[in-house]
Amino acid sequence: MNNEINSTPEFESSPDTEYPPLEGPRFTCALGSAIGTVLAIDRAIPILHAGSGCGFANLFGYQYGAGIQGVGYVGGCATPSCNLSQDEVVFGGESRLKEQIENTFEIIDGDLYVVLNGCVPGLIGDDVQAVVKDVKSKFDYPLIHADTSGFKGDSYVGYEETLLAIVDQLLPEKATKKKGLVNIFGVVPFQNIFWKGDLQEIKRILTKLGLEVNIIFGDPEGLKTVERIPEAEYNLVFSPWVGRKVVEKLEEKYNTPYLTFTHLPIGGQDTTAFIESVVEKLDVSAETLDRVIQEESRDFYDDVDNASDFMIFAFPTLPFAVVGDTTYALGHTRFLANELGFIPSLVIITDNPPLEVRKTIEEKLADVDSPFKPKVVYQQDSYEIKQLVDKEQIAVLLASSKEKHYALEKGLLYLSISFPAFDRVILRKTYTGYKGGTSFIEDLCALCAGPF
Amino acid sequence: MKKRKEIAIYGKGGIGKSTTTSNISAALSDEGYTVMQIGCDPKSDSTNTLTNGKSIPTVLETLRNGRNVGLEDMIHEGFNGILCVEAGGPEPGVGCAGRGIITAVEFLKQKFVFEEYSPDVVLYDVLGDVVCGGFAMPIREGVASQVYTVSSADFMALYAANNLFKGIKKYSNNGGALFSGIIANSINLPIQKRILEDFSLQTKSTIAEFVPRSLTVTRSELGGKTTIESDPDSEQAGVYRKLAKHIIKNDNEYVPSPLEGDELKIWAESWSDKLLEQKETEHDLECVVPGAE
């Protein structure tokens, strides 16, 4: 067993500038993620200025890849799209976009309309911003534009570009702060396959502390949550790098400070540590904090206690590997090692975090309460990931459904926890927080429960 | 069945490639060849002097306007029965002109235009900066087989020619068109001739013809005609006839050696020094009025 952290990444490219050729990438393009980001805001309407097929490719490849999540109000077939073809490529697509926006206003009832352009307008140079400005001057609808040419980057770029467009084009210049209000960022809808449940569990816990939590995505208040963004006392980011540009922009524009968490906490220890660090910055009484921790911990450890009969019998102290984005890979590794006593063998981080945050990630993984420290590898290539997993002596694999078949062939206990997860349906399921910890234990035990 | 000669003529915008191409077409048609000229430039005026100065509907415009379009809607007979085609393209500043050329040329091939009309010679008149893949379409496999470039002795024209050489070199490995010569245009001064001769030496290319700048051409064009049509007995018409004869017979096809990196700039600077020296010793730089015969 390797007791040291391998701090040498497999490749050291910056996600901002380079995209190495990959086999089986586990993210979508900037456009795909932007569509998901807009759809995750209730009654927000994406208007695709993109080639025919971009929307559907992302429905099948991205939203279905996130636990077969359905189309919602205006996803899938209902998403307005210019369906650009050769005609627009040659002659430009600006008049087509104008027509599409106006038609969308006429037939789709929404609270916010977001024009998202794909690769074609990005390549031929359609002046999308000018079209949007022109239409806006004639109609009284909230309409913005995010340049999400697919080639601009991956899911994380699309998420950030959409939010930056909202901050720049929709939100007012000034806002009055509301004490105790926090926004949640860094949880990318669909790329984080449990996004809805994760956000709701974070909201549940922080609300219990007396805070007002603005999760934006998956909240039925839709546009109101977006408009509330500038009022926050703090922004909380659940990734060491995804969403950073957004909170920096909000700090610059509204002077809103932010707190960064390397991962979404799972179970008693990390969730308690998380709320304690939030309380250091926000006004929550010591009594409330103690009460929340006690109540939540009591329920959670009661569940652990009840599960332990089965766990000791079925799989005591197994070596495991985790493959996923920083936010899930860290959470699961720490939970399995710290709370369930499993042996952390290998962590493969698949979101290509910038070099400057990797040390922090590695420290969080070195900090596990186990005599065994996991090997940490940054890798996005599915073939390379298989090779790495194959080399490890493990019994449990938490990964994406890309790894499922060979995990089962090898006789591993396997569970999809990261994108893509085509092998499960995810609605409000979460492995985040106290309740997520319980939920994760249930799903883990179900992998080898009877009938005997 | 006689082999069809398919030639692409490239040149920087405004260098005289459409004038030259149309005069070659006119001269070849006078010799009895069936000629098709395809303008591959979104401004769609390649064949104007073959159609009495009138613009013809372009392939892309015709395709855009109706589904049931016939070839006769986009192939128009001009002077001496020359088959005139304009690829067309978007308005300046929008869309993708390169994709437009690809679309138009692919459409003509799909519709077996060349088989249907069986021209002896097809001349593609292409905007020559080769700024993207679309403008390189005519030199890819299965379109033109020979390429000429129209160039003056100006640096930017030679720069464009050098870029074309790079394109030819790239596609030559995949069955693309090969180079057959530089058509040196607007050459009135000995120094201009020497610059072009040196450029062809440096790039291991050949010169098809030296064409002087001429008021006859300007006069003819203003009248919406080629020099061959409007002033067939002029000296300039003779130059175009000689060039056309050379082109129809020339089977020399090769890959030129483009100057890479800073080589072109260094080469140009060496000529700049020579020009400065010459200015002090000779008068021929200033005694010839551009456009004078």
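Quick caveat, the model's predicted, so the values are computed rather than measured. (Residues numbered from 1 in each chain as written. Chains lettered and ligands numbered in written order. Predicted model: local features only at pLDDT ≥ 70, side-chain atom pairs only at ≥ 80, totals over all residues.)

### Points about the overall build of chain A
What counts, and what does not: Put simply, DSSP H or I for four residues or longer makes a helix, DSSP E for two residues or longer makes a strand, and each gets a number counted from the N terminus. For the radius of gyration, the atoms used are the C-alpha atoms, and the globule rule reads 2.2 Å times the number of residues raised to 0.38. In this scheme every C-beta is placed from the backbone, and a residue whose C-beta has 20 or more other C-beta atoms within 10 Å is buried, one with 12 or fewer is exposed, and one in between is partly exposed.
Along its length, chain A carries 17 helices and twelve strands. In terms of C-alpha radius of gyration, chain A reaches 22 Å, essentially the compact-globule figure of 22 Å for 452 residues. When its C-alpha atoms are laid out on the principal axes, chain A stretches across 65 × 50 × 45 Å. Of all 452 residues assigned to chain A, the portion counted as buried reaches 53%.

### Some remarks on the packing of helix H1 (residues 17-30) of chain B against helix H10 (residues 235-249) of chain B
Residues and elements named next belong to chain B. Our working rule: To obtain each axis, a line is fitted to C-alpha atoms, and for helices this fit is confined to the stretch in contact; angles are then taken between N-to-C directions over 0 to 180 degrees. Each angle gets one of four labels, with under 35 degrees taken as roughly parallel, over 145 as roughly antiparallel, 65 to 115 as roughly perpendicular, and the rest as oblique. For the purpose of contact definition, each residue receives a C-beta atom placed from its backbone, and two residues are in contact when these atoms lie within 7 Å. Three residue categories are used. Nonpolar comprises Ala, Val, Leu, Ile, Met, Phe, Trp, Tyr, Cys and Pro, charged comprises Asp, Glu, Lys and Arg, and polar comprises the others, including Gly.
Look at H1 against H10: their axes get within 8 Å of each other, and the N-to-C directions meet at 80°. Between H1 and H10, the crossing angle belongs to the class labelled roughly perpendicular. Contact residues: H1 offers Asn 23, Ile 24, Ala 27 and Leu 28, while H10 offers Tyr 240, Arg 241, Leu 243, Ala 244, Ile 247 and Ile 248. Looking at the contact of H1 with H10 residue by residue, the classes come out as eight nonpolar, one polar and one charged.

### Digging into the environment of Ser 22 of chain B
All names here are of chain B. Within the secondary structure, Ser 22 is located in helix H1. Since 32 C-beta atoms lie within 10 Å of it, Ser 22 is described here as buried. Placed 203 residues apart in sequence, Ser 22 and Lys 225 show a C-alpha to C-alpha distance of 9.1 Å. Leave out the neighbours within four places in its chain, and Ser 22 touches Gln 37, Thr 47, Thr 49, Leu 50 and Thr 226.

### A closer look at the sheet that holds strand S11 (residues 396-399) of chain A
All names here are of chain A. Quick reminder of the rule: A strand pair is defined by DSSP finding two or more bridges across the two strands.
Strand order across the open sheet formed by five strands is S10-S9-S8-S11-S12, with parallel pairing between neighbours. Pairing within the sheet leaves two strands with one partner each, and these edge strands are strand S10 (375-378) and strand S12 (413-416). Averaged over all adjacent pairs, the angle separating strand axes in this sheet is 10°, with direction ignored. Taken together, the three bridges between strand S8 (residues 319-324) and S11 define a ladder with parallel strand orientation. Bridged to Phe 320 within S11 is Val 396. Along the sheet, helix H13 (residues 326-338) contacts S8, strand S9 (343-349) and S11; its crossing angle with S9, the most-contacted strand, is approximately 180°.

### A few points about the pairing of S10 of chain A
Residue and element names in this part refer to chain A. Stated precisely, the cut-off is as follows: Orient the strands so they point away from the viewer, and a crossover whose first-strand-to-second-strand path over the helix runs clockwise is right-handed.
Of the strand pairs in this sheet, S9 and S10 are connected by four bridges, and their pairing is parallel. Across the sheet, the residue bridging to Leu 346 is Lys 375, located in S10. In this fold, S9 hands off to helix H14 (residues 355-366), which returns the chain to S10; that crossover is right-handed.

### Let's talk about the interface of chain B and chain A
Accessible area lost upon the coming together of the parts is a frequently used measure of interface size. The partner chain A presents eight residues to the ten residues of chain B that form the contact. Classifying every residue of the side of chain B that touches chain A by side-chain character gives four nonpolar, four polar and two charged.

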